[in-house]
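Letter by letter, the chains look like this.
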Amino acid sequence: MPRILIPTPLRQYTGKQDAVSVDGSTVGEALSALTSQYPDLRKQIFNDQGKIRSFVNVYLNDEDIRYLGKDSTTAGENDTISLVPSIAGGSGVAEPIEQASLSKDEILRYSRHLIIPEVGMEGQEKLKAARVLLIGAGGLGAPLGLYLSAAGVGRLGIVDFDVVDFTNLQRQVIHSTPDVGRKKLDSAAEKMQAINPHVSVTKHETALTSENALDILKDYDIVVDGTDNFPTRYLVNDACVLLGKPNVYGSIFRFEGQATVFAYQGGPCYRCLYPEPPPPGLVPSCAEGGVLGILPGTIGLIQATETVKLILGIGEPLAGRLLLYDALAMRFRELKLRRDPECPVCGEHPTITKLIDYHQFCGVPSPREAARQESKVNEGEIDVTEVKQKLDRGDDFTLIDVREPHEYKIASIPGARLVPLGEFPRRVGEFDPERDIVIHCKSGMRSAKACGILRNAGFKRVRNMKGGILAWSDRVDPSVPKY
Ligand SMILES: [Zn+2]
């Protein structure tokens, strides 16, 4: 006799019982037995055709029966069947997206879609009626914006507050060289409208915050996460779970990418996969670690594909599966993802029921704090102009560069000695504790770590060059290239 766990919202139909043991040797039989025992439950679980409703997930033990034998999955004596309805009352795309009729021009434009039976007029009208929010108009947002507008996703929103800079152009193909200095929102929206004037683009010029996220996200059917930082990633996740919106996730680093669909019809969320953020500074950003320019194209287009499939309701969504992509090996792998019943936001007993302070949660300064810290030279730091004066005066001090040799080749400060951070701990003995030491890197993060290593080793006269070689290029010597 398998045991069926009844989730809180359905207990009103089972006389408040949280678990019911029933007869049956398959999941389908067990559910039939359950609903004959509690007839009111039937329409909650099955639709008119007798199929399990799309917003109810059925798990056998820890595994979704969709990945096992569906209704005919064998269920034995010691097995537990869980009913997992979608959370927080959101409909996501579980309810069919409304349709909008196509004009003659649009019929011509979407001809190659219309002749695919899985899309057809009905599908293209669903695309037109769909509302998709892109978080970020950067590396992932670029291919997403271009292809989703071309495909005819009728209402696209973008959240971004950044301006285009030269270092973006290697991968953010929605922006062109003349766009440098413009708002990414304006540049992206212009390209999307040029590709397809039939779609409407809504610009949300703001950072996504705990204060505005629910209000912005609520008007969309699907959210596509193209963020590059952990606080926003957790914020997007929690907001999607709370609103019941699918979260099409992608992330990129150097030659590797990940993609999945979170919070889809009771499926796992980002916190089920990563309950805690990594400690600050452990995982470098693309700005620190670099990224192959093509990589966001590959991952962004996987996200775009999933978005279109969710709208059309076709294929097998990338939910409950984490797709890992390694561009160097040119290999895709898949990991099974499960919803964690203990998940603090999407689990059985959520402890996060409203948005929290995500900067604090991730242990990083808020943008305002970061700006304040940026503007003042703290104790243990030295301004680039002061380093320049020391060099010009011929002061007796050691300038150490803790970047990598390939970065040193791009740009360096004359007189600096290269000791990459990785080698630093074992080379501490090479430095003279009686001498003034100034350490620099690209932006000041790695050199701060190196300063810490020396101070722990008893060095007292150590200072970190604030802002690194980027600040040096901005304020001392513009001929030094920025990268
Ligand atoms: Zn979760």
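Predicted model, so just to flag it, every value in this text is computed and none were measured.

So, how was this worked out
Residues numbered from 1 in each chain as written. Predicted model: local features only at pLDDT ≥ 70, side-chain atom pairs only at ≥ 80, totals over all residues. Helix = DSSP H or I, 4+ residues; strand = E, 2+ residues; numbered from the N terminus. Buried ≥ 20, exposed ≤ 12 C-beta atoms within 10 Å, placed from the backbone. Contact = placed C-beta atoms within 7 Å. Domains from an automatic or database assignment. Pairing = 2+ DSSP bridges. Axes fitted to C-alpha atoms, helices over the stretch in contact; angles between N-to-C directions. Core = buried A, V, L, I, M, F, W, Y, C linked by C-beta atoms within 7 Å. Arc of directions from axis to C-beta. Expected span 1.5 Å × (residues − 1). Parallel < 35°, antiparallel > 145°, perpendicular 65-115°, else oblique. Left-handed = near helix turned anticlockwise from the far one by under 90°. Nonpolar A, V, L, I, M, F, W, Y, C, P; charged D, E, K, R; others polar. Right-handed = clockwise from strand over helix to strand, strands pointing away.

(A) Examining the overall build of the chain more closely. What the chain contains, in helices and strands, is 18 helices and 18 strands. Along the longest, intermediate and shortest principal axes, the C-alpha atoms of the chain span 90 × 60 × 40 Å. In the chain, which comprises 483 residues, the proportion classed as buried is 38%. Long-range pairs, those at least 24 residues apart, make up 66% of the contacts in the chain with a sequence separation of at least 6.

(B) Representation of the domain arrangement of the chain. When its domains are assigned, the chain resolves into domain 1 (3-85), domain 2 (104-369) and domain 3 (377-475). On a C-alpha basis, the centres of domain 1 and domain 2 stand 33 Å from each other.

(C) Up close: the sheet that holds strand β15 (residues 397-401). With parallel pairing, the five strands of this open sheet are ordered in space as β14-β18-β17-β15-β16. Each having just a single partner strand, β14 (381-382) and β16 (417-418) make up the two edges of the open sheet. Alignment of strand β17 (residues 436-440) against strand β18 (residues 462-465), held across three bridges, turns out to be parallel. Directly across from Ile439, in β18, lies its bridge partner Asn464. Contacting β17 and β18, helix α17 (residues 445-456) crosses the sheet at an angle of about 175 degrees to β18.

(D) Representation of the nonpolar core in the model. If you look at the biggest cluster of nonpolar residues, it comprises 69 residues, and the most contacted ones within it are Val132, Leu133, Leu134, Val223, Val224, Cys240 and Cys269. Per-element tally for this core: the top contributor is helix α9 (residues 230-243), with nine residues. Aside from chain neighbours lying at most four places away, what touches Leu134 is Gly141, Leu144, Gly145, Leu156, Gly157, Ile158, Val224 and Gly226.

(E) Highlighting the environment of Pro425. Note on placement: Pro425 falls in the loop between β16 and β17. By the C-beta count within 10 Å, which is 12 here, Pro425 ends up exposed. Considering only alpha carbons, one finds Pro425 and Ile453, 28 residues apart in sequence, at a separation of 6.8 Å.

(F) Geometry of helix α18 (residues 468-475). Within α18 the residues assigned to the buried category are Gly468, Ile469, Ala471 and Trp472. Down the axis of α18, the buried side of the element spans an arc of 155 degrees, and every buried residue falls inside it.

(G) Summary view of helix α12 (residues 295-312). Taking 1.5 Å as the rise per residue, α12 with 18 residues should run 26 Å; its terminal C-alpha atoms sit 26 Å apart, in good agreement. Summarising burial for α12: 13 of the 18 residues are buried, a large majority.

(H) Spatial organisation of the sheet that holds strand β10 (residues 247-253). Reading across from one edge, β8-β7-β6-β9-β10-β11-β12-β13 is the order of the eight strands in this open sheet, with mixed pairing throughout. Each end of this open sheet is capped by a strand with a single partner; those strands are β8 (200-204) and β13 (331-336). Between one strand axis and the next, the sheet turns by 15 degrees as a mean value, whatever way the strands run. Strand direction decides the pairing type here: strand β11 (residues 256-262) and strand β12 (residues 321-326), joined by four bridges, are antiparallel. Across the sheet, Gln258 pairs through a bridge with Leu324, a residue of β12.

(I) Region of interest: the packing of helix α6 (residues 141-151) against helix α7 (residues 184-195). Between α6 and α7, the shortest axis-to-axis distance is 8 Å and the interhelical angle comes to 25 degrees. The orientation of α6 with respect to α7, classified from their angle, is roughly parallel. Handedness of the crossing formed by α6 with α7: right-handed. Taking contact as the criterion, the partners of Gly141, Gly145, Leu146, Ser149 and Ala150 in α6 are, on α7, Ala188, Lys191, Met192 and Ile195.

(J) How the structure looks around unusual backbone geometry. Positive phi, close to 55 degrees, is recorded for Arg254, a residue that is not glycine. For Arg254, the position within the fold is in the loop between β10 and β11. Backbone geometry places Gln265, a non-glycine residue, at a positive phi of 45 degrees. Of note, Gln265 is situated in the loop between β11 and α10 (270-273). The class for Gln265 is buried, based on 24 C-beta atoms found within 10 Å.

(K) Layout of the packing of α6 against α12. Direction vectors running N to C along α6 and α12 enclose 40 degrees, while the axes themselves pass 8 Å from each other. As α6 runs across α12, the sense of the crossing is right-handed. Residues Ala142, Pro143, Leu144, Tyr147, Leu148 and Ala151 of α6 touch α12, and the partners they reach there are Pro296, Gly297, Gly300, Leu301, Gln303, Ala304, Thr307 and Val308. The class makeup of the residues in the contact of α6 with α12 is 10 nonpolar, four polar and no charged.

(L) Region of the structure containing the pairing of β18. Burial along β18 is two-sided: the face carrying Val462 and Asn464 and the face carrying Arg463 and Met465 are both buried. As defined by bridge partners, β14 adjoins β18 across two bridges and the pair is classed as parallel. Its bridge partner lying in β18, Glu381 is registered against Asn464. Since β17 and β18 lie parallel, the crossover through α17 that links them has a hand, and here it is right-handed.

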